[in-house]
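Residues per chain are reported as follows:
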Amino acid sequence: MRKLLLLLFILIPQVVLANTGHAVSDSVDLTHTFFGYAAIGLFVLGYAMVPLENKIHLRKSKPVILAAGLIWVLVAVTYAKMGDTHTAHEAVQHSLLEYAELFLFLLVAMTYINALEERNVFQSLRCYLVNKGFSLRAIFWITGLLAFFISPVADNLTTALLMGAVVMAVGGDNKKFIALACINIVVAANAGGAFSPFGDITTLMVWQKGKVAFGQFFLILIPSVVNWLVPAFFMNLAIGKAQPEVSDEVVRMKVGSITLMALFLLTICTAVSFHNFLHLPPAAGMMLGLGYLGIFSYWLKRYEGRSERYDSILMSRVSSQDRPLQSLFNRKKKKIDFINDLDEAVFALDNDHIVTHWSKGMETLTGVSSKEMVGTRDHWKPVYSKERFLLADLVLEQFPEKEIGKYYNGQQHRIDFASDGYETVGHYDNLPGGGKMLSMAAVPVKDKDGNITGVIEVIQDLTSQVQRRQHFDLMQRIAQAEWDTLLFFYGVILCVGGLSQFGYLAMLSQSMYQGMGATTANILVGFLSAIVDNIPVMFAVLTMDPSMPLGQWLLATLTAGTGGSLLSIGSAAGVALMGSARGTYTFGAHLKWAPIIALGYGLSIMCHVAINAALF
């Protein structure tokens, strides 16, 4: 190893190795040194592994972090040999500060997104869209429109996955529709993220650097719309008018979901206020927002802990297959004698509250046989120590919902397939084997004239589910952040920072922004983003820090944000959808529409230059 290091030092040009004893001037060009070339090679090799993540199953952060560390070793050794032990130290500190601000900002945003997902906000939206019975063409436009307007608040990756789940659920075996809808979602998510500081990592970096003020991003709203609508219009023509099957799945948002959305909005306002009015880093405002979430999560955890004994409305996913009552409801009009043989816990009462049916499941649950119960009004005894109405009795007597709520602490709601039926949950201590958490649902039995002649109640034992369920935990939401992505950003920022110390970014800035001109260079930024990824490209531009008017910085923001749509591998949204719609939305499927997407890209640039001409 020593011989290898010695050989490397010998190969470095003497100007680099000269020990002058003074700090290196910023004008020293290290681009043609051996270590400079080695740094370029490390960056290319590390970044070449990123597109192969899905094939070789090596997370993208690992090779980039390795490359970043080795590049800074080369930087430090190079400057040390020149007698400068301070420049590399100060430079890496600067890069770490850049990363720290970005890291804290994204960590809070990801935590909120994870919290909203845990509360079933996104799942509820997806289920609503699937159940509405829209045509495929309508779903194409709705998912694109939602992707365009959700990505400015959430990140384009989360938005793409959410809308992608909708089109895959609706599209079924229609691979052509799914591919077109996924392309539309990628383009819309990237275009929507371009006009908001929160919509993409690149816009966030530009905002935090102070190159574009918060409100100025909206000057490229119309160009962003053009960027999405042009390819969407042509792709829309290739979609038929088929009507997909409607799903019967139901997803309800959990307790606290609305408050979480409000807190997320408040956190964004806090970050903007920190930047615009207090002149503090936006990341500090986001961390204050994490404090909002921390306090609310404490209340939510205590609420769920207190209500766990009787609250089922903290529900997650529920489908018709999970509801035996619905199938019973459909069969009971003909005959209900089959109840006695059911393994599910089901019983029926006549109009006088006398037990007419007591299933095998009820015998197992209560320890009371059908012979003991049928013909009596003792159905309350296995559950309560004193006589009182069960849910079946309340439904039979058609008690108002408010009165039913007094019996069940307000934890009841109407059944969606039977408006005069109710369901609730309670914890009961008198059952065999100790206390159990039970879900109960009851609907009245009616004759052909609509008169109530009895009632059926179905009971499900949720004890094991409750024991497995964990309360809302802020630390778990933080732990579930996209750590691979966050660490990937570390590697990218440190790599670019290291290459900057060798002078490569200054050289690139000279050739691009002074040689080609700012407009041509910024258009090229978009094409580079489709190949390399927009994050290192934009960070390189910010590190170059070319002297440009506001219109050019907005152009760079627009092209870096939307250029990734040209190829499926050009953005996180595209890569993520290729994984979730594997074999349907592919690189080749996206490439077929690349000319149309490029048309939208070009027209959006022309639109920006035309309507914001005064800013150039």
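Residue indices follow the written sequence of each chain, beginning from 1 at its first position. Totals for whole chains, interfaces and linings use all residues, but because this is a predicted model, local features are given only for residues with pLDDT of at least 70 and pairs of side-chain atoms are given and counted only at 80 or more. Side-chain numbers here rest on the full set of heavy atoms in the structure, without hydrogens or water.

Novice: Please provide a residue-by-residue account of the overall build of the protein chain, values included.
Specialist: Numbering of helices and strands starts at the N terminus; helices are DSSP runs of H or I of at least 4 residues and strands are runs of E of at least 2. Scanning the protein chain for helices and strands turns up 29 helices and eight strands. Relative accessibility thresholds used throughout: buried, under 20% of the residue-type maximum; exposed, over 50%; partly exposed, between the two (1.4 Å probe, protein chains only). In the protein chain, which comprises 616 residues, the proportion classed as buried is 52%. In what follows, a contact means two residues having at least one pair of non-hydrogen atoms within 4.5 Å. Once local pairs closer than 6 in sequence are excluded, the contacts in the protein chain between residues at least 24 apart make up 69%. When the accessible area of the protein chain is evaluated, it comes to approximately 27600 Å², of which 61% is carbon and sulfur surface. Every accessible area reported is derived by Shrake-Rupley at a probe size of 1.4 Å, with residue values counting cover from the shown protein chains alone.

Novice: How would you summarise the packing of helix 23 (residues 504-514) against helix 25 (residues 534-544) if you had to cite specific residues and measurements?
Specialist: Lines are fitted to the C-alpha atoms to define the axes, a helix being fitted only along its stretch in contact, and any angle between axes, read from their N-to-C directions, falls within 0 to 180 degrees. Relative orientation of the contacting elements helix 23 and helix 25 amounts to 90 degrees, with a least axis distance of 9 Å. Between helix 23 and helix 25, the crossing angle belongs to the class labelled roughly perpendicular. Along its contact with helix 23, which presents Leu505, Leu508, Ser509 and Tyr513, the element helix 25 presents Ala540, Val541, Thr543 and Met544. Three classes are used, and their members are as follows: Ala, Val, Leu, Ile, Met, Phe, Trp, Tyr, Cys and Pro are nonpolar, Asp, Glu, Lys and Arg are charged, and the others, Gly among them, are polar. Residues that form the contact of helix 23 with helix 25 fall into these classes: six nonpolar, two polar and no charged. Here is the rule for angles: anything less than 35 degrees is roughly parallel, anything more than 145 is roughly antiparallel, 65 through 115 is roughly perpendicular, and the remaining ranges are oblique.

Novice: Before we move on, could you go through the pairing of strand 8 (residues 452-461) and cite the residues and values that matter?
Specialist: Here six bridges tie strand 3 (residues 345-350) to strand 8, and the two strands are oriented antiparallel to one another. Bridge pairing links Asp350 to Gly454 in strand 8. Whether two strands pair comes down to DSSP finding at least two bridges between them. Taken together, the nine bridges between strand 7 (residues 436-446) and strand 8 define a ladder with antiparallel strand orientation. In the sheet register, Val443 faces strand 8, and the bridge partner there is Ile456. With antiparallel pairing between neighbouring strands as the criterion, strand 7 and strand 8 make up a hairpin whose turn holds five residues, including Gly450 at a positive phi of roughly 90 degrees.

Novice: An account of the pattern of salt bridges is needed here, citing residue identities and associated values.
Specialist: We count a salt bridge whenever a side-chain nitrogen from Lys or Arg sits within 4 Å of a carboxyl oxygen from Asp or Glu. Enumeration according to the criterion identifies eight salt bridges in this entry. For Arg119, the salt bridge identified is with Glu118, shortest N-O distance 2.6 Å. We classify Arg119 as buried; its relative accessible area is 1%. On the basis of relative accessible area, Glu118 is assigned to the buried category, the value being 17%. Each of Glu118, Arg119 and Lys254 takes part in a single network of salt bridges with overlapping partners.

Novice: Account for unusual backbone geometry, naming residues and giving values.
Specialist: Most of the time, phi is negative for any residue but glycine, and the peptide bond is trans. At Asn120, a position not held by glycine, the phi torsion is positive, near 70 degrees. The topology assignment puts Asn120 in the loop between helix 6 (87-118) and helix 7 (121-131). Unlike most non-glycine residues, His353 shows phi in positive territory, near 65 degrees. By relative accessible area, which is 12% here, His353 ends up buried.

Novice: I'd love a proper account of the packing of helix 25 against helix 26 (residues 550-562), names of residues and values included.
Specialist: Two elements in contact, helix 25 and helix 26, have axes whose closest approach is 10 Å; the angle formed by their N-to-C orientations is 165 degrees. If you check the angle between helix 25 and helix 26, you find them roughly antiparallel. The two elements helix 25 and helix 26 cross, and the hand of that crossing is right-handed. Judged by residue contacts, Asn534, Met538, Val541 and Leu542 of helix 25 engage Trp553, Ala556, Thr557, Ala560 and Gly561 from helix 26. By residue class, the composition of the contact of helix 25 with helix 26 is six nonpolar, three polar and no charged. By definition, any crossing whose near helix is turned counterclockwise from its far helix by less than a right angle is left-handed, and any crossing with a clockwise turn is right-handed.

Novice: I'd like to hear about the pairing of strand 3, residue by residue, with values.
Specialist: With five of six residues buried, strand 3 lies mostly within the body of the structure. Connecting strand 3 to the antiparallel partner strand 4 (residues 355-358) that follows it, the hairpin turn spans four residues, and His353 within it adopts a positive phi of roughly 65 degrees.

Novice: Lay out a nonpolar patch on the surface with the relevant residues and their values.
Specialist: Patches here: salt-bridge-free residues with over 30% relative accessible area, like charges joined within 9 Å, nonpolar side chains (Val, Leu, Ile, Met, Phe, Trp, Tyr) joined within 5 Å. Together, Phe233, Phe234, Leu237, Leu599, Leu603 and Met606 make up a nonpolar patch on the protein surface, roughly 560 Å² of accessible area in all. Mapped by element, the contributors of at least two residues to the nonpolar patch are helix 12 (221-236) and helix 29 (594-611). If you tally residues by element for the nonpolar patch, the top one is helix 29, at three residues. Position of Phe233 relative to the elements: it lies in helix 12. By relative accessible area, Phe233 is classed as partly exposed at 44%.

Novice: I'd love a proper account of the environment of Val226, names of residues and values included.
Specialist: You can see Val226 is positioned in helix 12. Along the sequence, Val226 and Leu599 sit 373 residues apart, while their C-alpha atoms lie 9.9 Å from each other. Val226 has contacts with Pro231, Gly600, Leu603, Ser604 and Cys607, leaving out every residue within four places of it along the chain.

Novice: Hey, could you go over helix 26 for me, with residue numbers and the actual values?
Specialist: What a helix should span is 1.5 Å times the count of its residues minus one. Along its 13 residues, helix 26 runs 18 Å from first to last C-alpha, staying within 8% of the 18 Å computed at 1.5 Å per residue. The element helix 26 is extensively covered by neighbouring structure, given that 12 of its 13 residues are classed as buried. Of all the positions in helix 26, only Gly551, Gln552, Trp553, Leu554, Leu555, Ala556, Thr557, Leu558, Thr559, Ala560, Gly561 and Thr562 are classed as buried. In this structure, the buried side of helix 26 is in contact with helix 10 (175-194), helix 11 (201-208), helix 12, helix 24 (518-532), helix 25 and helix 29.

By themselves, these figures tell us nothing about what the structure is for.
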